[in-house]
Amino acid sequence: MALAEEMVKIAVTVNGKRYEDTVEPRWLLAHWLRDRLGLTGTHIGCDTSQCGVCTVVLNGRAVKSCTVLAVQADGGEVLTVEGLARDGKLHPVQEAFREAHGLQCGFCTPGAQMLAYALLEENPHPTEAEIREALDGILCRCTGYQHIVRAIELAAERKEAKA
Amino acid sequence: MSTVIGQPVRRREDARLIVGRGQFTDDLKLPGMTYAVIVRSPYAHARIRRIDVSRALAMPGVLAVFTGKDLEGVLGPVPTAWIPPNADLKQTVHRALAVDEVRYAGDGVAMVVAEDRYTARDAAEAVEVEYEPLPAVVDAWAAVQEGAPLVHPDAPGNLALHWTAGSVDQKAFDEAEVVVRQRFVQQRLIPNPMEPRAAVAWYDPGTENLTVWMTSQNPHIHRFLLSGILGIPEHRLRVVAQDVGGGFGSKISCYPDEALVAHAARTLARPVKWVEDRSEHFMATTHGRDHVQEVELAGRKDGTIEALRVKIWANLGAYLSTAAPGVPTILFGLIVNGCYRIPQASTEVYGVFTHTTPVDAYRGAGRPEATYLIERMVDLFADAIGMDPVEVRRKNFVPPDAFPYTNAFGITYDSGNYPLALDKALERVDYGGFRARQAQARQEGRYLGIGFSTYVEMCGLGPSEVAGAVGFQGGLWENATVRVHPSGKIQVMTGASPHGQGEETTFAQIVAEQLGVAMDDIEVVHGDTDRVTMGWGTYGSRTLAVGGSAVAVACQRLIEKGRRIAAHMLEADADDVAFQQGRYQVQGVPGRSVSFQEVALQAHLAWNLPQGVEPGMEATANYNPSNFTFPFGTHVAIVEVDPDSGLVRLERYVAVDDCGTPINPLIIAGQVHGGVVQGVGQALWEGAVYNAEGQLLTGSFLEYAMPKARFFPPIETDSTVTPSPHNPLGVKGVGETGTIAATPAVVNAVMDALKPFNIRHLDMPLTPEKVWRAIHGKGERQ
Amino acid sequence: MIAERFRYLRPKDLDEALAWLAESQGEVRVLAGGHSLLPLMKLRLAAPQTVLDVERVEALRGIRLEGDVLHIGAMTRYHELARDPLVAEYAPLLAMAARTVGDPQVRNRGTVGGSICHADPAADFPAAALAMDAEVELRSRAGKRRLPLREFLLGPLSTALAPNELLAAIHVPLRAGWGAAYEKFPHPASGYAVAGVAALINKEGGAARAVAVAVTGVGPVAYRAAATEEVLTGASLDAARIQDGASQVAEGVEVNADLFASADYRRHLAQVLAARALRAAWGSD
């Protein structure tokens with residue numbers, strides 16, 4: 001349906017739950033998730049679409065939620081860090097981040113995990129080089145990335161073991 | 001016995017962070033919350049002619065606009081908390097919002113508060129400020145030249161401080177066999193923790209209590225300083241820093257911004273939230289480093305270093321930030337000799353005001369600047385006498401049997417075994433094999449280089465008496481309370497305030513080890529001035545050495561109290577009761593024992609306590625260290641330089657660190673990785689650049705190159721263990737070592753690779769163009 | 001950072017999009033993937049009154065063979081381009097360039113049309129498309145026109161797109177079997193090309209029957225390196241010949257300079273990358 005509004009009605013499925021809201025078109029998806037839905041696991045680390053801290057999965061692909069308008073997500077499906085664990089069980093990516101010490105301050109971690117999740121959905125057995133290239137999409141100031149790389153390798157191993 | 005200490009225990013803080021349930025400042029939402037945006041000067045230096053807030057105030061949803069004039073007599077100035085003695089420090093006034101003049105691009109001129117963040121942003125754009133631009137000076141060297149624009153009228157020549165330490169007899173240079181001189185530029189860096197700064201303030205008019213949730217590395221220091229700025233007594237002020245998304249020094253300082261937010265909350269009687277944009281962070285959060293250094297080294301042809309003379313101009317920016325005066329003086333100038341026994345050394349520091357963002361501590365704070373200088377000089381000296389840089393290092397090391405060793409500045413190194421770490425690193429990199437490979441590669445037109453950094457760091461800040469003697473306006477002891485509940489569950493309150501370092505885990509490990517209780521029975525509480533009695537915070541790699549030691553001492557007090565109760569329960573003499581693995585045991589009588597937690601219950605019940613023993617099971621320790629700690633090690637970088645593009649590729653990186661007794665090797669490895677990557681960042685990519693007008697040209701992640709995963713090979717870590725002799729845990733600290741060590745290792749490696757081109761030195765960052773120009777003799781870029 | 005207020009239009013099909021483009025008052029900006037436009041709007045460097053979100057316009061999607069050209073819808077995202085089998089067969093150069101854009105999240109959102117219409121002087125995709133002799137298909141309510149990409153790109157952030165026009169697709173000739181390479185020197189911070197060179201060679205009987213070299217990051221907008229192509233076309237590309245051609249890759253171009261790279265250095269980089277791209281496309285690496 002065509003839309004031409006100052007305020008726009010949207011309906012977005014977030015972590016499996018449908019939300020309806022009326023938003024200003026300029027609202028960023030990141031702000032909508034945080035301020036309207038209270039899903040504060042998605043953090044914001046920059047304003048030039050560089051750092052990737054705000055990464056969520058939109059319709060199956062990793063996106064920076066600071067560079068997507070909430071209206072663009074209308075009708076779509078969003079997965080945030082809060083939706084990674086299912087039925088009280090951590091996702092293998094989350095388990096691996098903890099096991100491999102893939103986080104320190106934890107601020108980029110939700111974005112890093114969502115990026116890792118999307119990477120493994122597309123490429124279940126990435127090489128170390130492929131992982132490091134994919135991590136172009138996240139800036140982490142604490143870990144030096146090494147344990148994030150290891151965490152993603154570990155998550156790949158565990159996902160396979162479970163499959 | 002050691003069952004928990006030294007184990008790679010998985011972090012307990014991760015449980016909330018990996019599911020998105022951390023509580024960072026911006027995550028807080030209070031009923032009726034309002035949002036603030038600070039209007040900042042786009043000019044580095046300008047007179048404020050007029051501020052018109054009427055258009056902003058008239059916008060629907062706007063609650064208030066504050067300007068500097070509104071705050072005169074209401075908010076006190078933002079203080080400096082480090083006043084080095086005999087330095088002629090000029091404590092110029094730093095107002096929370098500029099009144100007549102702005103002194104750097106980013107200086108606050110107004111604050112807007114509105115019902116939501118979008119309206120606040122719109123209103124900030126509607127504040128009209130008329131500026132009269134004035135000439136600016138951005139470079140420390142330029143700022144001290146005759147006729148430079150003045151930053152503060154009461155700081156002639158833009159000199160903020162002049163400080164000296166040590167002495168060198170001129171004869172040492174006049175009569176030296178070899179003198180090496182070099183000028184180094186320690187470029188300015190931008191801390192960029194991934195979480196920008198933020199504050200939420202809430203004032204309760206009923207109790208007159210003000211709570212500030214903020215991104216802080218040291219909530220108690222912030223409470224202390226905010227109390228002075230706001231005129232609110234400390235006991236009515238609560239500062240909370242729950243989860244903090246990295247700091248790297250930038251969240252030590254007391255900024256105007258958090259005070260403004262608190263003031264707005266008090267004025268409006270509504271909660272106020274302010275979150276820094278990243279662009280704002282680049283301009284308005286303290287920067288790091290920024291020295292021009294002139295260094296002279298005198299030595300003998302046999303490789304002996306005889307004297308070192310250092311003179312620097314440290315750019316402190318437009319205002320003196322909280323710890324700024326101490327960073328290029330005390331934390332730098334007293335340890336420029338590094339790990340070498342240099343009989344004569346001196347440091348002279350000019351601290352300079354410029355029209356730039358204030359400079360303060362940044363991971364390592366002073367010590368990276370010192371280490372870079374000496375590690376580069378050693379390589380230049382080795383070059384000058386035709387000796388292997390490894391051999392020069394070995395020859396001048398403070399030998400293992402010389403500890404405690406007092407350097408030429410009177411600093412006493414606690415313990416060390418420098419050759420051991422060096423040898424371990426050499427073996428790992430196969431030094432001989434590398435040199436052969438390098439020679440072979442050169443014949444093929446490929447340029448490999450190896451660089452060493454045998455660093456030592458002064459950290460674990462520090463003895464409070466020394467803090468006082470060097471002008472730090474605070475103590476450097478640390479507080480810990482270990483509280484055992486009747487059920488045996490334990491809370492540990494620490495004044496150290498971690499922001500990613502994992503103390504909820506490592507401090508629990510210490511308590512678990514000491515008291516012999518399960519990790520799951522221990523909770524570590526930090527970052528809240530209402531829950532933790534006192535604290536001086538997390539910086540200077542002090543958390544474990546000082547804060548952890550406080551925890552250990554408190555545990556010892558509990559054990560001793562418990563011993564008396566246990567003896568009473570077991571009907572034995574206290575001297576006959578041993579404490580092992582969480583149980584009090586009557587020696588020689590197996591089976592007659594009682595657990596610590598059982599004793600704790602009895603202490604609380606107090607039905608039958610020995611005479612003179614008070615009920616309850618809680619101990620507090622205020623641990624004041626007797627010395628700094630001195631972690632050390634050897635880092636080795638191997639690089640390849642592409643002569644066609646000038647691109648430097650890091651091929652291999654080996655880090656051998658000695659941080660004393662390890663508590664959690666997994667966390668240590670993480671700290672080393674992160675530190676190394678940050679240090680390499682300075683060597684190769686990072687650098688803040690201003691133009692002559694004082695505009696920051698590297699004002700976003702589009703221009704300021706942060707290290708990325710793909711730039712790195714896996715970092716290889718190894719360790720030696722030389723416990724610190726003066727703290728109960730034997731620990732030294734590892735938070736800054738990587739950053740301190742990595743920068744010179746990489747630069748030395750690049751310069752080694754460039755040997756065939758007769759290039760003596762290049763200043764950081766070693767960007768491709770800089771390297772390419774040097775290789776092809778094109779001179780510096782104009 | 002937060003954008004100024006704007007009116008949001010989301011047409012359901014091409015007709016509606018073109019109608020709105022024709023009728024809207026004030027500045028209208030077309031929103032595709034949003035990775036050029038939204039950052040500018042957030043920093044308030046762009047403040048259109050109306051944003052026209054064409055994401056759901058089906059006619060702008062899809063990659064298909066149309067006779068002797070490959071039709072690539074303007075809303076095609078980089079990640080789609082990077083994995084599309086038709087692109088892999090007939091226009092692998094486009095996929096190579098797409099894989100170097102930004103980071104995974106940017107490639108998941110950024111579009112072919114958005115990149116071409118934004119005309120960023122350092123964008124990767126325009127260089128690859130230029131080397132492919134791409135044509136742009138421009139639609140308005142008045143009809144449609146086709147323009148070679150090289151005539152469409154006018155300068156930095158400037159194109160021949162009329163205010164009421166929409167870029168609907170690009171058309172690229174089929175280049176199955178041609179040697180292709182994209183060599184890029186990314187800015188360490190932004191990931192944009194400090195310099196990037198796309199090379200395409202039709203090698204027949206030991207000679208380069210056709211050579212296309214396009215460059216980004218170096219001049220005001222992506223361009224074809226005509227002098228280089230002339231030196232190489234028809235020749236056997238030995239090392240010396242490649243060097244000769246590569247040395248002319250910035251011939252007659254006013255070379256960009258910024259904080260990271262001076263004009264001298266950037267010109268040199270372009271030459272180095274051109275040689276590498278040509279060697280790879282020729283198959284001598």
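Each chain carries its own residue numbering, running from 1 in the written order of its sequence. All chains are assigned letters beginning at A, and all ligands numbers beginning at 1, according to the order in which they are written. Totals for whole chains, interfaces and linings use all residues, but because this is a predicted model, local features are given only for residues with pLDDT of at least 70 and pairs of side-chain atoms are given and counted only at 80 or more.

### A few points about the overall build of chain A
Keep this limit in mind: For the purposes of this entry, the term helix denotes a DSSP run of H or I that reaches at least four residues, the term strand denotes a run of E that reaches at least two, and both are numbered from the N terminus. The size measure is the radius of gyration over C-alpha atoms, and the globule rule it meets is 2.2 Å times the number of residues to the 0.38 power. Counting other C-beta atoms within 10 Å of its own, a residue is labelled buried from 20 upward, exposed at 12 or fewer, and partly exposed in the gap between, with every C-beta atom placed from the backbone. Residue pairs are scored as contacts if the distance between their C-beta atoms, which are placed from the backbone, is within 7 Å.
From N to C terminus, chain A includes five helices and six strands. When the helices and strands of chain A are read in sequence order from the N terminus, they spell out β-β-β-α-β-β-β-α-α-α-α. Its C-alpha atoms give chain A a radius of gyration of 16 Å, near enough to 15 Å, the size a compact globule of 163 residues would have. In terms of its C-alpha atoms, chain A occupies a principal-axis envelope of roughly 45 × 35 × 25 Å. By residue count, 66% of the 163 residues in chain A fall in the buried class. Sequence separation of 24 or more characterises 61% of the internal contacts of chain A that already satisfy a separation of 6 or more.

### Some words on the environment of C:S140
Residues and elements named next belong to chain C. Among the secondary structure elements, S140 is positioned in strand β6 (residues 135–140). Here the alpha-carbon distance between S140 and L166, two residues 26 residues apart in the chain, equals 6.3 Å. Those residues within four positions of S140 in sequence are excluded, and the remaining contacts are L18, A22, A162, N164 and E165.

### Regarding the pairing of strand β21 (residues 522–526) of chain B
All names here are of chain B. The following threshold applies: At least two bridges found by DSSP between two strands is the condition for calling them paired. Handedness of a crossover is defined as follows: with both strands directed away from the viewer, a clockwise route from the first strand across the helix to the second makes it right-handed.
In β21, alternate side chains face the same way, and those of I522, V524 and H526 are buried while those of E523 and V525 on the opposite face are not. Sheet topology places strand β20 (residues 490–494) next to β21; five bridges connect them, and they run parallel. Bridged to M493 within β21 is V525. Traced from β20 through helix α16 (residues 503–515) to β21, the parallel crossover comes out right-handed.

### Considerations on the environment of B:S724
Residue and element names in this part refer to chain B. Examined against the element boundaries, S724 turns out to sit in the loop between β28 (715–719) and α20 (737–753). Overall, S724 belongs to the buried group, with 26 C-beta atoms counted inside 10 Å. Once residues within four sequence positions are removed from consideration, S724 is found in contact with D414, S415, A545, T629, G660, G730, V731 and K732.

### Some remarks on the domain arrangement of chain A
Residue and element names in this part refer to chain A. How we decide: Domain start and stop points were drawn from an automatic or database domain assignment. Three classes are used, and their members are as follows: Ala, Val, Leu, Ile, Met, Phe, Trp, Tyr, Cys and Pro are nonpolar, Asp, Glu, Lys and Arg are charged, and the others, Gly among them, are polar.
For chain A, the assigned domains are domain 1 (8–83) and domain 2 (92–162). Summarising the inter-unit geometry, the C-alpha centres of domain 1 and domain 2 are found 21 Å apart. At the interface, 15 residues of domain 1 touch twelve residues of domain 2. Those elements that place two or more of their residues in the side of domain 1 that touches domain 2 are β4 (55–58) and β5 (61–64). No other element matches the three residues that β4 contributes to the side of domain 1 that touches domain 2. Along the lines of polarity and charge, the residues of the side of domain 1 that touches domain 2 split into seven nonpolar, seven polar and one charged.

### A word on the interface of chain B and chain C
On the chain C side, the residues contacting the 20 residues of chain B number 13 residues. No other element matches the three residues that helix α4 (residues 117–126) of chain B contributes to the side of chain B that touches chain C. Class assignment of the residues belonging to the side of chain B that touches chain C gives a composition of ten nonpolar, three polar and seven charged.

### Here we look at unusual backbone geometry
All names here are of chain B. Following F403, the chain continues into P404 via a peptide bond in cis, with omega recorded as -5 degrees. As for its placement among the helices and strands, P404 is situated in the loop between α12 (389–396) and β16 (405–406). In this model, L461 is joined to G462 through a cis peptide bond whose omega is -25 degrees. One can find G462 in the loop between β18 (447–456) and α15 (464–469). Even without being glycine, A269 reaches a positive phi, approximately 55 degrees. Within the secondary structure, A269 sits in the loop between α8 (256–268) and β12 (272–275). Residue classification places A269 among the exposed positions, given that 11 C-beta atoms sit within 10 Å.

### Some words on the interface of chain B and chain A
Each side of the interface is counted separately: chain B has 44 residues, and chain A has 43 residues. Residue assignment for the side of chain B that touches chain A shows that the elements contributing at least two residues are α1 (14–17), α9 (278–284) and α19 (665–684) of chain B. Here the element with the most residues in the side of chain B that touches chain A is α19(B); it accounts for seven residues. Residue composition of the side of chain B that touches chain A, grouped by class: 20 nonpolar, 13 polar and eleven charged.

### Some details on the sheet that holds strand β3 (residues 17–23) of chain A
All names here are of chain A. What counts is decided by this rule: Each axis is a line fitted through C-alpha atoms, taken for helices only over the stretch in contact, and angles between the N-to-C directions span 0 to 180 degrees.
If you walk across this open sheet you meet the five strands as β3-β2-β6-β4-β5, and the pairing is mixed. Edge positions in the open sheet fall to β3 and β5, since each of these has one partner strand only. When the angles between neighbouring strand axes are averaged without regard to direction, this sheet yields 40 degrees. Relative to strand β6 (residues 77–79), β4 runs antiparallel, the two sharing two bridges. Within β6, the residue paired with V57 across the bridge is L79. Across the sheet, helix α3 (residues 109–122) touches β4 and β5, and the angle it forms with β4 is around 35 degrees.

### Things to note about the domain arrangement of chain B
Residue and element names in this part refer to chain B. When its domains are assigned, chain B resolves into domain 1 (28–134 + 200–246 + 251–275), domain 2 (288–461 + 627–775) and domain 3 (477–623). On a C-alpha basis, the centroid separation for the pair domain 1 and domain 2 is 37 Å. Taken together, the 19 residues of domain 1 in the interface contact 21 residues of domain 2.

### A word on the sheet that holds strand β2 (residues 46–52) of chain B
Residues and elements named next belong to chain B. The strand order across the open sheet formed by three strands is β4-β2-β6, and the pairing between neighbours is antiparallel. The outermost strands of the open sheet, each flanked by one partner alone, are β4 (101–102) and β6 (128–133). Bridging between β2 and β4 involves two bridges; their strand directions are antiparallel. Residue pairing in the sheet places R47 in a bridge with E101 of β4.

### Side note on the packing of helix α2 (residues 92–99) of chain A against α3(A)
All names here are of chain A. Test applied: The labels follow the angle: roughly parallel below 35 degrees, roughly antiparallel above 145, roughly perpendicular from 65 to 115, and oblique for the rest. With the far helix as reference, a near helix turned anticlockwise by less than a right angle produces a left-handed crossing, and one turned clockwise produces a right-handed crossing.
With their axes 10 Å apart at the nearest point, α2 and α3 run at an angle of 125 degrees to one another. On the basis of their axis angle, the class for α2 and α3 is oblique. You can see that α2 and α3 cross each other, and the crossing is right-handed. Packed against α2, whose contacting residues are V93, Q94 and F97, the element α3 presents T109, Q113, A116, Y117 and L120 at the interface. Broken down by class, the residue content of the contact of α2 with α3 amounts to five nonpolar, three polar and no charged.

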